[in-house]
Amino acid sequence: MSISRWLPCLDWGRQYNRSHAAQDSMAALIVTLMLIPQSLAYAMLAGLPPVHGLYASLLPLMLYAIFGSSRTLAVGPVAVVSLMTAAALQPLFPQGGPSYIAAAMLLAMMSGLILTLMAVLRLGFFANFLSHPVISGFISASGLLIAIGQLKHVLGISVSGESLVQLIPGLFSALPDTHGPTLLIGLLSLSWLWWARSQLKPLLQKLGLNAQVAANMAKAGPVLAIVMTILAVSVLHLDQSGVKVVGTIPQGLPAFSLPELDWRLALQLLPAALLISLVGFVESVSVGQTLAAKRRQRIDPDSELLGLGTANLSAAFSGGFPVTGGFARSVVNYDAGAQTPMAGVFTAVGIALSALLLTPLLHNLPQAVLAATIIVAVLSLVDLGSLKRTWQYSKQDGLAQLATLLGVMFIGVEAGILIGVGLSLLLFLYRTSKPHMAVVGQVPGTEHFRNVQRFDVIESPSVLSLRVDESLYFPNARYLEERISELIAARPQVRHLVLMCPGVNLIDASALDSLEAIAERLNIAGVQLHLSEVKGPVMDQLRRSDFLERFGGQVFISQYQALKTLAPELTLSTLEHSHSFAASNRRNP
């Protein structure tokens, strides 16, 4: 196996030049300005002291640059994973305390080990169990839950809870205790961030800046909010009036330490670590594939697993918490012109300099500003219109999406996503337990066969052609038996049944037993079973059993060949009709 498969940095590193370095540096500067307030805010969302957001934005970016395959993915703290971290730890430890911090590091280490093991075993397909409707419902519900949960910081009140059932009553009961100065700071910050997100770029362009520069400056909107509110708190001494500020942030880089190994706690956190790993992987791969396609590049899922795994391990050893690839940050990185993962390394250097030099200046940063940053960021992820579109297209997928959304908001994050995944799998089993089967006939003058209920076709009275449009496995094996029994009972003149299998990708042991039972019952009734259009892998599977020798029928390469052999008079007459019709048309154009 090529070492470059596990070290994608060797591929882009060979072509790295001064031009790439200049573009990566500019992108890193812009992402750093965006990441500083986000990392502080997402640490607070995860229930950790803000500085741990900076810690989680250092080594993970460097390790991903070595092992990750995306050229533009920006790894670090993200809203959804931060919420899942808080949901897993807040019931167990006092928020922000030493035990809480140690547990967050342990959770990051477990997530890193799970992702790395999945990479080694090539188990990335497990993420496929998280369907797009479930992920959409989960992200929308998480965005709403996060936004509502952060209102307490905007209002300056104390509220606890993990679901809307707990948060909404708590917010209403605490409304009389709203802190005026905090609310003013929060509302002004929300208004500025919301306006800057959509209106600042057009305004800067009207003032003469080109589109790229204007977009980059607009992305730095949260930095201006931080600077102005810190100045306001410092000059007006608002912290002495009850405005909650970030407080003292340790200056310097994190010390390397191994997370405390508590096996009982590790077992308790294992379900959360699995969900965080899968959700983070799905989100990261989705973003990475979208951005890679724009440049006609590709990402390797196993490399992504390894890149995210090592990123989380490094976060665990440097005072961080679980991380993954962020959507908004990665898009900014891409739009700013990042060419390689070195942009992430340069971003980590910028964050390190901030941790070394700027943390004392953040003492008077109001928590309401960080809450406003989170609210504006997560509300952009909410897409309730997706539920309507999914419901219109597929009610079963819409039901899974709705169950996920309601489960996350009213029960809890982990319960909600498990409900969505479980319901998706149950609905899939239900849907495939009654596969679509169509009696088909020959389209006159062709070798094609179509559904007798949809097309004007010709059928042979002695040959029943049945097309199966689903793989045959244990949930639908019995249904196949019942359907064939009904069809044969309604057609006493039939002497051959041809099972047409172009849509069959699998025949498991249960379905094989059913086929053997069907062949035996048909023989008793004087009907012979045949197969047609069996795919190569399925045929290889059947050859590993003695079914082909025992069932007594033939396996035809096409349905036309089956009819040509079993009912030659039918195929001959339809083709002759076609030839005479064509000749008539040539004589009478």
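Residues numbered from 1 in each chain as written. Predicted model: local features only at pLDDT ≥ 70, side-chain atom pairs only at ≥ 80, totals over all residues. Heavy atoms only, no water.

Participant: Looking at this model, I keep getting lost on the overall build of the chain. Mind explaining?
Facilitator: Along its length, the chain carries 26 helices and eight strands. Dimensions of the chain, computed from C-alpha atoms along their principal axes, come out at roughly 100 × 50 × 50 Å. Across the 589 residues in the chain, those meeting the buried criterion constitute 53%. Considering only residue pairs separated by 6 or more positions, the chain has 79% of its internal contacts joining residues 24 or more positions apart. (Helix = DSSP H or I, 4+ residues; strand = E, 2+ residues; numbered from the N terminus. Buried < 20%, exposed > 50% of the residue type's maximum accessible area, 1.4 Å probe, protein only. Contact = heavy atoms within 4.5 Å.)

Participant: Explain the sheet that holds strand E8 (residues 555–556) to me, please; I cannot follow it from the model alone.
Facilitator: Hydrogen bonds between backbone groups are what pair the strands of a sheet, and the pairing can be parallel or antiparallel. Sheet architecture is open: six strands sit in the order E4-E3-E5-E6-E7-E8, paired in mixed fashion. Among the strands making up the open sheet, the edge pair consists of strand E4 (449–451) and E8. Across the face of the sheet, helix H21 (residues 477–490) comes into contact with strand E3 (437–442), strand E5 (463–468) and strand E6 (496–500) while running at roughly 150 degrees to E5. Lying over the sheet, helix H22 (residues 509–524) contacts E6 and strand E7 (528–532), oriented at roughly 135 degrees with respect to E7. (Pairing = 2+ DSSP bridges. Axes fitted to C-alpha atoms, helices over the stretch in contact; angles between N-to-C directions.)

Participant: Got a minute to help me understand the packing of aromatic side chains in this structure?
Facilitator: In this description, an aromatic ring pair is defined by two values, namely the gap between the centres and the angle between the planes. Inspection of every chain in the model, using the stated rule, returns four aromatic pairs. Note on Trp12 and Tyr16: the rings are 5.9 Å apart at their centroids and 65 degrees apart in plane angle, and the pair reads as edge-to-face. Taking the relative accessible area as the measure of exposure, Trp12 reaches 9% and is therefore buried. Ring centres of Phe547 and Phe551 lie 4.8 Å apart, and the angle between their planes is 20 degrees; on these two criteria the pair is classed as stacked. For the pair formed by Phe547 and Phe551, the shared burial category is buried. (Phe/Tyr/Trp six-rings, centres within 6.5 Å; stacked < 30°, edge-to-face > 60°.)

Participant: What is the right way to look at the pattern of salt bridges in this model?
Facilitator: If the charged atoms of two oppositely charged side chains come close together, the side chains can form a pair. Counting across every chain of the model gives nine salt bridges. Notably, a salt bridge pairs Arg14 with Asp11, separated by 3.4 Å at the nearest N-O pair. Here the residue Arg14 and the residue Asp11 both occupy positions in helix H2 (residues 9–14), the gap between them amounting to three residues, near one helical turn. Exposure remark for Arg14: the relative accessible area of 59% places this residue in the exposed category. One continuous salt-bridge network, built from bridges that share partners, spans Arg478, Glu481 and Arg521. (Salt bridge = Lys/Arg side-chain N within 4 Å of Asp/Glu carboxyl O.)

Participant: Could you clarify how one ought to interpret helix H13 (residues 263–294) in this entry?
Facilitator: At 3.6 residues per turn, the α-helix brings residues three or four places apart onto the same side. Spanning 32 residues, H13 covers 44 Å between terminal C-alpha atoms, matching the ideal 46 Å at 1.5 Å per step. In this structure Asp262 caps H13, since a side-chain oxygen of it lies 3.1 Å from the backbone nitrogen of Arg264. At the C-terminal side of H13, Arg296 shows a positive phi close to 55 degrees. (Expected span 1.5 Å × (residues − 1). Polar contact = N/O pair within 3.5 Å; in protein donor to acceptor, adjacent residues only side chain to side chain.)

Participant: What exactly am I supposed to notice about the packing of helix H8 (residues 132–155) against helix H10 (residues 180–206) here?
Facilitator: Two elements in contact, H8 and H10, have axes separated by 7 Å at closest approach and are oriented at 125 degrees. One way to sum up the angle between H8 and H10 is to call them oblique. Note on element contacts: H10 touches H8 through Thr182, Leu183, Gly186, Leu187 and Leu190, opposite His153, Val154 and Leu155. Residues that form the contact of H8 with H10 fall into these classes: five nonpolar, three polar and no charged. (Parallel < 35°, antiparallel > 145°, perpendicular 65-115°, else oblique. Nonpolar A, V, L, I, M, F, W, Y, C, P; charged D, E, K, R; others polar.)

Participant: Looking at this structure, how should I read the pairing of E5?
Facilitator: Consecutive side chains along a regular strand alternate between the two faces of the sheet. Of all the six residues making up E5, six are buried; the element is thus mostly covered by neighbouring parts of the structure. Of the two faces of E5, both are covered, the one formed by Val463, Ser465 and Arg467 as well as the one formed by Leu464, Leu466 and Val468. Pairing analysis gives three bridges linking E3 to E5, with the strands arranged antiparallel. From the neighbouring strand, Met437 faces E5, where its bridge partner is Val468. Pairing between E5 and E6: five bridges, direction parallel. Across the sheet, Val463 pairs through a bridge with His496, a residue of E6. In the classification by handedness, the crossover that spans E5, the intervening H21 and the parallel E6 is right-handed. (Right-handed = clockwise from strand over helix to strand, strands pointing away.)

Participant: Honestly, the side chain of Glu283 in this entry has me stumped. Any pointers?
Facilitator: Residue position: Glu283 is located in helix H13. Here Glu283 occupies a buried position and makes no salt bridge, while the nearest side chain of opposite charge, Arg329, is found at 7.9 Å. Among all residues touching Glu283, those that are not within four sequence positions of it are Val78, Val80, Thr324, Gly325, Gly326 and Phe327. (Lys, Arg positive; Asp, Glu negative; His and termini not counted.)

Participant: For this particular structure, what's the right way to read helix H3 (residues 18–45)?
Facilitator: Over its 28 residues, H3 runs 39 Å from end to end, which matches the ideal 40 Å to within 8%, given 1.5 Å per residue. Its axis deflected by about 30 degrees at Leu35, H3 carries its strongest bend there, up to four residues before the proline Pro37. Among the residues of H3, the N-terminal cap falls to Asn17, whose side-chain oxygen and the backbone nitrogen of Ser19 are separated by 3.1 Å. Gly47, located one to two residues past H3, shows a positive phi value of around 90 degrees. (Bend = angle between axes of the 7 residues up to and from the residue.)

Participant: Honestly, unusual backbone geometry in this entry has me stumped. Any pointers?
Facilitator: Working note: non-glycine residues mostly have negative phi, and peptide bonds are mostly trans. Located in the positive-phi region is His237, a residue other than glycine, with phi close to 55 degrees. Within the secondary structure, His237 is located in the loop between helix H12 (221–236) and H13. Here Glu533, not a glycine, exhibits a phi torsion of approximately 55 degrees, which is positive. Residue placement: Glu533 occurs in the loop between E7 and helix H23 (536–543). Since its relative accessible area comes to 24%, Glu533 is described here as partly exposed.

Participant: What exactly am I supposed to notice about the environment of Ala328 here?
Facilitator: Position of Ala328 among the secondary structure elements: in helix H15 (residues 327–335). Residue class for Ala328 comes out partly exposed when judged on its relative accessible area of 31%. For the pair Ala328 and Ala377, spaced 49 residues apart in sequence, the C-alpha to C-alpha distance is 8.2 Å.

Participant: Explain the confidence of the model for the chain here, please?
Facilitator: Detailed reading of predicted coordinates is not advised where the pLDDT is low. For the chain, per-residue confidence averages 88 on the pLDDT scale, and residues scoring 70 or more make up 96% of the total. Here residues 578–589 is modelled with pLDDT under 50, and outside its nearest four sequence neighbours on either side it reaches one contact, counting other chains as well. (pLDDT = per-residue confidence, 0-100.)

Participant: Help me understand the packing of H13 against helix H20 (residues 413–433) in this model?
Facilitator: In helix packing, the relevant descriptors are the interaxial angle and the interaxial distance, both defined with respect to the helix axes. Contact geometry for H13 and H20: axes closest at 11 Å, N-to-C directions at 65 degrees. The crossing of H13 and H20 is left-handed. Each of Ala272, Leu275 and Val279 in H13 lies in contact with H20, whose residues at this interface are Glu414, Ile417 and Leu418. Counted by class, the contact of H13 with H20 contains five nonpolar, no polar and one charged residues. (Left-handed = near helix turned anticlockwise from the far one by under 90°.)

Participant: Hey, could you run me through a nonpolar patch on the surface in this one?
Facilitator: Taken together, Met62, Leu253, Val349, Leu353, Leu356, Leu357, Leu358 and Leu361 make up a surface patch of nonpolar side chains, about 710 Å² in accessible area. Sort the elements by how many residues they give to the nonpolar patch and helix H16 (residues 342–357) lands first, with four residues. Mapped onto the secondary structure, Met62 falls in helix H5 (residues 59–67). (Patch = residues over 30% accessible without salt bridge, like charges linked within 9 Å, V, L, I, M, F, W, Y side chains within 5 Å. Areas by Shrake-Rupley, 256 points an atom, 1.4 Å probe, with all protein chains shown as cover.)

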